Amino acid sequence: MLQTMYRRRSIRKYAAEPLTPEQTRQILAAALLAPTSHNRKPCRFIAVSDRDTLTKMAAAKESGAKFLGEAPLAVVVTADESVSDIWVEDAAIAAAYIQLAAESIGLNSCWSQIRRRPHRGEGEQTEWAEDYLRQLLGLAPPIRILAVVAIGRAIAPKQPRREEDLPWEHVSYYTSIFKK
Ligand SMILES: Cc1cc2nc3c(=O)[nH]c(=O)nc-3n(C[C@H](O)[C@H](O)[C@H](O)COP(=O)(O)O)c2cc1C
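An account of the accompanying structure is given in this report. (Residues numbered from 1 in each chain as written. Predicted model: local features only at pLDDT ≥ 70, side-chain atom pairs only at ≥ 80, totals over all residues. Heavy atoms only, no water.)

### Here we look at unusual backbone geometry
- With an omega dihedral of 10 degrees, the bond running from P141 to P142 counts as a cis peptide bond.
- Tracing the chain through its elements places P142 in the loop between α5 (129-137) and β6 (143-152).
- Positive phi, close to 55 degrees, is recorded for H38, a residue that is not glycine.
- With respect to the helices, strands and loops of the structure, H38 is situated in the loop between α2 (21-33) and β1 (43-48).
- In the Ramachandran plot, N39 falls in the positive-phi region, its phi being about 55 degrees despite a non-glycine side chain.
- Tracing the backbone through its elements, the reader meets N39 in the loop between α2 and β1. (Helix = DSSP H or I, 4+ residues; strand = E, 2+ residues; numbered from the N terminus.)

### Concerning the pattern of salt bridges
- Using the criterion set out here, one finds 11 salt bridges in the structure.
- Here R153 makes a salt bridge to E17, at a shortest N to O gap of 2.9 Å. Residue R153 is found in the segment after β6, and its partner E17 is found in the loop between α1 (2-7) and α2; the two are separated by 136 residues along the sequence.
- Two residues, K56 and D52, come together in a salt bridge whose shortest N-O distance is 3.2 Å. Of this pair, K56 and D52 are both found in helix α3 (residues 51-57), 4 residues apart, which corresponds to roughly one turn of the helix.
- For D52, a relative accessible area of 45% corresponds to the partly exposed category.
- If you follow the salt bridges from partner to partner, you end up with E81, E130, D131, R134 and R144 in one network. (Salt bridge = Lys/Arg side-chain N within 4 Å of Asp/Glu carboxyl O. Buried < 20%, exposed > 50% of the residue type's maximum accessible area, 1.4 Å probe, protein only.)

### As for the site of the ligand
- Around the ligand sit R8, R9, S10, R12, K61, G64, F67, C110, W111, S112, Q113 and R161, and that is every residue in its neighbourhood.
- In this structure, K61 approaches the ligand through a side-chain N or O atom, which is 2.6 Å from an oxygen atom.
- W111 is positioned such that a nitrogen or oxygen atom in its backbone is 3.2 Å from a nitrogen atom of the ligand.
- For the ligand, the protein covers 60% of the area, taking 620 Å² as the surface of the free molecule. (Near = heavy atom within 4 Å. Polar contact = N/O pair within 3.5 Å; in protein donor to acceptor, adjacent residues only side chain to side chain. Areas by Shrake-Rupley, 256 points an atom, 1.4 Å probe, with all protein chains shown as cover.)

### Overview of empty space enclosed by the protein
- One pass over the full model with this rule turns up 1 cavity of 30 Å³ or more.
- Its boundaries defined by the atoms lining it, the largest cavity holds a volume of some 30 Å³.
- Considering the residues around the largest cavity, the lining is formed by E17, P18, L19, Q23, L107, G152 and R153.
- Residues of the lining of the largest cavity, tallied by class, amount to 3 nonpolar, 2 polar and 2 charged. (1 Å grid on protein atoms, 1.4 Å probe; cavity = no way out; pocket = protein on both sides within 12 Å on 5 of 7 lines; lining within 4 Å. Points joined across faces, edges and corners; volume = space filled by probe spheres on them. Nonpolar A, V, L, I, M, F, W, Y, C, P; charged D, E, K, R; others polar.)

### Considerations on the sheet that holds β1
- Sheet architecture is open: 4 strands sit in the order β1-β2-β6-β3, paired in antiparallel fashion. Among the strands making up the open sheet, the edge pair consists of β1 and β3 (108-113). Each adjacent strand pair in this sheet contributes to an overall mean axis angle of 25 degrees, direction not counted.
- Alignment of strand β2 (residues 73-80) against β6, held across 8 bridges, turns out to be antiparallel. (Pairing = 2+ DSSP bridges. Axes fitted to C-alpha atoms, helices over the stretch in contact; angles between N-to-C directions.)

Note that every value here comes from positions in space, so none of it alone points to a role or purpose.
What follows is the structure, given as structure tokens:
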């Protein structure tokens with residue numbers, strides 16, 4: 001599992017080949033295996049491989065979503081906010097599980113953030129990416145959209161992370177050796 005974590009990098013250019021039904025099933029199984037607070041399971045996942053819909057999803061934001069238009073598969077990570085007040089955490093864990101599962105079966109992925117991101121405009125005039133996608137996919141409140149995870153095989157794989165890339169200065173230890 002740790003090796004999978006070192007290897008996982010955000011990939012935004014994908015080969016055209018579709019995923020097999022078994023690859024898609026394994027990725028969705030990982031999403032369903034993710035832990036949720038109080039085991040409430042507020043998340044709902046939408047697997048999109050329809051090219052026309054993916055092209056429209058790529059326009060959800062002015063930047064940071066274009067790669068959805070080239071991906072063979074995108075998983076829309078949504079949650080019913082009436083089921084859990086901390087659906088964001090549950091949905092984020094599920095999205096991370098999806099990315100690690102993809103990597104573990106030789107595929108690549110990238111997260112596109114949807115929640116709190118503008119579709120266009122700013123300030124009072126902001127139209128939200130979440131509303132744009134909800135309309136496109138026929139979803140209504142209380143369903144919320146956290147992110148879309150694109151999945152496919154990299155055209156140009158990236159180097160895995162190395163031990164020296166890790167920001168160990170972000171970690172501190174509080175152990176009994178600090179006690180007088
Ligand atoms: C919460 C979250 C939101 C992200 N949103 C986007 C996004 O909207 N578009 C994008 O291209 N990448 C997005 N990413 C990918 C990050 O840019 C990427 O994980 C980071 O640069 C580290 O690179 P790595 O994934 O290759 O280690 C997001 C990642 C996370 C965890």
